[in-house]
Amino acid sequence: MKKLTFHPDDSVHAFITTIPEVTYGDGPLSGVTVAVKDNISTKGIETTCASKILKGYIPPYDAHVVTLLKNAGAAIVGKTNMDEFGMGTTTENSAYGPTLNPLDHQRVPGGSSGGSAAAVAAGLVDCAIGSDTGGSIRCPAAFCGIVGLKPTYGRVSRFGLIAYANSLEQIGPMARDVQTLSNLYSVIAGHDSRDATSVDKPYKHNPVSDITGLKIGVPDEFFGEGVNPNVAEVVRQAIDTLESMGATAVPCTIPSMKYALSAYYVTCTSEASSNLARFDGVRYGPAVGTLKSWHDAYSEQRKAGFGKEVRRRIILGTFSLAAGYYGRYYQKAQTARQMVRDDFERIFRDVDVIAGPTMPDIAFKLGEKSDPLQMYLSDILTVPANLAGVPALSVPCGKINNMPVGLQLIGRYFEDERIIDTAYAYEQGRA
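So, here's what we can say about the structure. Quantities reported herein were computed from a predicted structural model and do not represent experimental measurements.

Checked against the element boundaries, Ala141 lands in helix α3 (residues 138-144). Between the C-alpha atoms of Ala141 and Gly327, which are 186 residues apart in sequence, the distance is 36 Å. Ignoring any residue separated from it by four or fewer positions in sequence, one finds Ala141 in contact with Ala117, Ile146, Val147, Gly148, Met174 and Ser394.

And the structure:
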């Protein structure tokens, strides 16, 4: 075993926990420094989900992806800051304070995997692992100017990922360039018998830059109301670049987009309401004092341990699942979710990938999205891929006011290789 000393200048507060002395072995990632989002279990290393309620929790086991990274020789150097339990778009909803965008400390790095993205963008690590429930890898990748992939649902094991919304979230890689991301993805993808949703689809692929004949769907809805016209223009120029390399742009529409955001938030909050019920003040979190009844203890513990956004989403989810409201909200959300899947399947009969902006605007200023509804609207372009379970990637494609813009590429089920090739081709074409 070899040793590595890690003492980063973490002026952007990318990390919650760092590991000063790291041991690593031989393998395809030997000596490669990797940061891991703090909702992914690491044996013997505190894992908090950026929440007070998990302060002091040290998992007795590694997540499957962490085991794979260690077996590949990676040097896991720390746990990164995030929106509490993955609930947010800015990494401001952390019990440990916000992470700053390395390109402008007055702006957010995106969320919820903002710490992972900032660590990569600031050059503190070679690459990082995040999780994506509604854009939580792609959003910070776009805001920080790096590459981030949400794999096809099931292609990376979720064993050891502390659950927020099981049917939506997926662990994925983040890196400064497509080749490094591909190398990281080749290690973490594959079947895991401990995850019932895991699919036996390993990723063993070296990106290629030939995209001759590629058909790129360009949905009208990705360039419509709510999208900064300057962002739209930068992304259209990126699509023009892909066309100059032999691809063909094909206009298309995703009518279900108008329901996607509502369906996403009803689904994710409902699942969060169920998943976070386990944090009851008995097994996790510091005691809040002597109380008369278990009900009082349960209520006070969760009030003290959860932040405002987490409490808001638990309440929304509990309401959506309540008797008398289940059919009105949750059931309709699942119908809308199927409509999104159907739209993707229809479009992919005629095109190979879908392209558009990752985010409607560049990175927000700190505190700019204090209205929760405004923050939720920022996810409009990323949530459809999670609802459908298809792979989606963000690659930098230009800048506005010196802040990066992300090009989002969405692919068919289990065609992660194709969107990685497209991103690689674009990256090479711009170089």
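The subject of this paragraph is the sheet that holds strand β9 (residues 215-219). Across the sheet, which stays open at both edges, the eleven strands sit in the order β2-β5-β4-β6-β8-β7-β12-β13-β11-β9-β10 with mixed pairing between neighbours. Here the strands that pair on one side only, and so sit at the sheet edges, are β2 (15-18) and β10 (248-252). Looking at each pair of strands side by side, their axes are set apart by 30° on average, direction ignored. As paired strands, strand β11 (residues 353-357) and strand β13 (residues 403-411) are joined by five bridges and run antiparallel to one another.

The next point concerns the pattern of salt bridges. Under the defined criterion, the tally for this structure stands at 16 salt bridges. Among the ionic pairs, Lys79 bridges to Asp38, the shortest N-O distance being 3.3 Å. In this pair, Lys79 sits in strand β5 (residues 75-80) while Asp38 sits in the loop between β4 (33-37) and α1 (64-71), placing the two residues 41 residues apart along the sequence. Asp38 shares its class with Lys79; the two are buried. Residues Arg346 and Asp343 are paired through a salt bridge, measuring 3.3 Å at the closest nitrogen-oxygen approach. Placement of both Arg346 and Asp343 in helix α9 (residues 330-347) is noted, with a separation of three residues, approximately one turn of the helix. Three or more residues joined by partner-sharing salt bridges are found here, namely Asp352, Arg412, Glu415 and Arg418.

Omega for the bond connecting Gly111 with Ser112 falls within 30 degrees of zero, at 5°, which places this linkage in the cis form. In this structure, His13 is a non-glycine residue whose phi angle is positive, near 55°. Examined against the element boundaries, His13 turns out to sit in the loop between β1 (2-5) and β2. Exposure remark for His13: the relative accessible area of 23% places this residue in the partly exposed category. Despite not being glycine, Phe414 has its phi angle at roughly 65°, a positive value.

A full pass over the atoms with the stated rule returns 14 aromatic pairs. Centroid distance Phe319 to Tyr329: 5.6 Å. Interplanar angle 50°. Geometry classified as tilted. In this pair, Phe319 sits in helix α8 (residues 308-321) while Tyr329 sits in the loop between α8 and α9, placing the two residues ten residues apart along the sequence. The exposure class of Phe319 is partly exposed, given its relative accessible area of 38%. An angle of 15° between the planes, with centres 6.1 Å apart, marks the rings of Phe344 and Phe348 as stacked. By the burial criterion, Phe344 is buried, and Phe348 matches it. Stacked on the ring of Phe414, the Lys or Arg Lys201 has its end atom at 5.5 Å from the ring centre.

Below, the discussion takes up the environment of Asp280. Looking at where Asp280 falls in the secondary structure, it is placed in the loop between α6 (257-275) and α7 (294-305). In the structure, Asp280 is positioned 25 residues away from Gly305 in sequence and 9.8 Å away in space, judged by C-alpha atoms. With near-sequence residues (within four places) excluded, Asp280 lies in contact with Tyr298 and Gln301.

Okay, helix α4 (residues 178-188) next. The element α4 is extensively covered by neighbouring structure, given that eight of its eleven residues are classed as buried. All buried positions along α4 are accounted for by Val178, Leu181, Ser182, Leu184, Tyr185, Ser186, Val187 and Ile188. Looking at the buried side of α4, the elements it contacts are α1, β6 (127-132), β7 (147-150), β8 (170-175), β12 (392-400) and α12 (416-430). Its side-chain oxygen 3.2 Å from the backbone nitrogen of Gln179, Asp177 forms the N-cap of α4. Looking at the residues trailing α4, positive phi occurs at Gly190, about 135°.

Counting residues in each nonpolar core, the largest one holds 110 residues, and the members touching the most others are Ile40, Leu69, Phe85, Phe344, Leu393 and Leu407. The element best represented in this core is α6, accounting for nine residues. What Ile40 contacts, discounting residues up to four positions off in sequence, is Thr47, Ala63, Val65, Val66, Lys79, Ile129, Gly130, Gly160, Leu161 and Ile171.

Turning our attention to the pairing of β9. Burial analysis of β9 places four of its five residues in the buried class, the great majority of the element. With five bridges connecting them, β9 and β10 associate as parallel partners. Within the sheet, the bridge partner assigned to Pro219 lies in β10 and is Cys252. After leaving β9, the chain enters helix α5 (residues 229-244) and then returns to the sheet as β10, a path that is right-handed. Note: β9 against β11, two bridges, orientation parallel. For Ile216, the partnering residue across the bridge sits in β11 and is Val353.

Along its 14 residues, α8 runs 20 Å from first to last C-alpha, staying within 8% of the 20 Å computed at 1.5 Å per residue. Check the buried side of α8 and you find it contacts α6, α7, α9 and α10 (372-377).

About the thresholds
Residues numbered from 1 in each chain as written. Predicted model: local features only at pLDDT ≥ 70, side-chain atom pairs only at ≥ 80, totals over all residues. Heavy atoms only, no water. Helix = DSSP H or I, 4+ residues; strand = E, 2+ residues; numbered from the N terminus. Contact = heavy atoms within 4.5 Å. Pairing = 2+ DSSP bridges. Axes fitted to C-alpha atoms, helices over the stretch in contact; angles between N-to-C directions. Salt bridge = Lys/Arg side-chain N within 4 Å of Asp/Glu carboxyl O. Buried < 20%, exposed > 50% of the residue type's maximum accessible area, 1.4 Å probe, protein only. Phe/Tyr/Trp six-rings, centres within 6.5 Å; stacked < 30°, edge-to-face > 60°. Lys NZ or Arg CZ within 6 Å of the ring centre and 35° of its normal. Polar contact = N/O pair within 3.5 Å; in protein donor to acceptor, adjacent residues only side chain to side chain. Core = buried A, V, L, I, M, F, W, Y, C linked by side-chain atoms within 4.5 Å. Right-handed = clockwise from strand over helix to strand, strands pointing away. Expected span 1.5 Å × (residues − 1).

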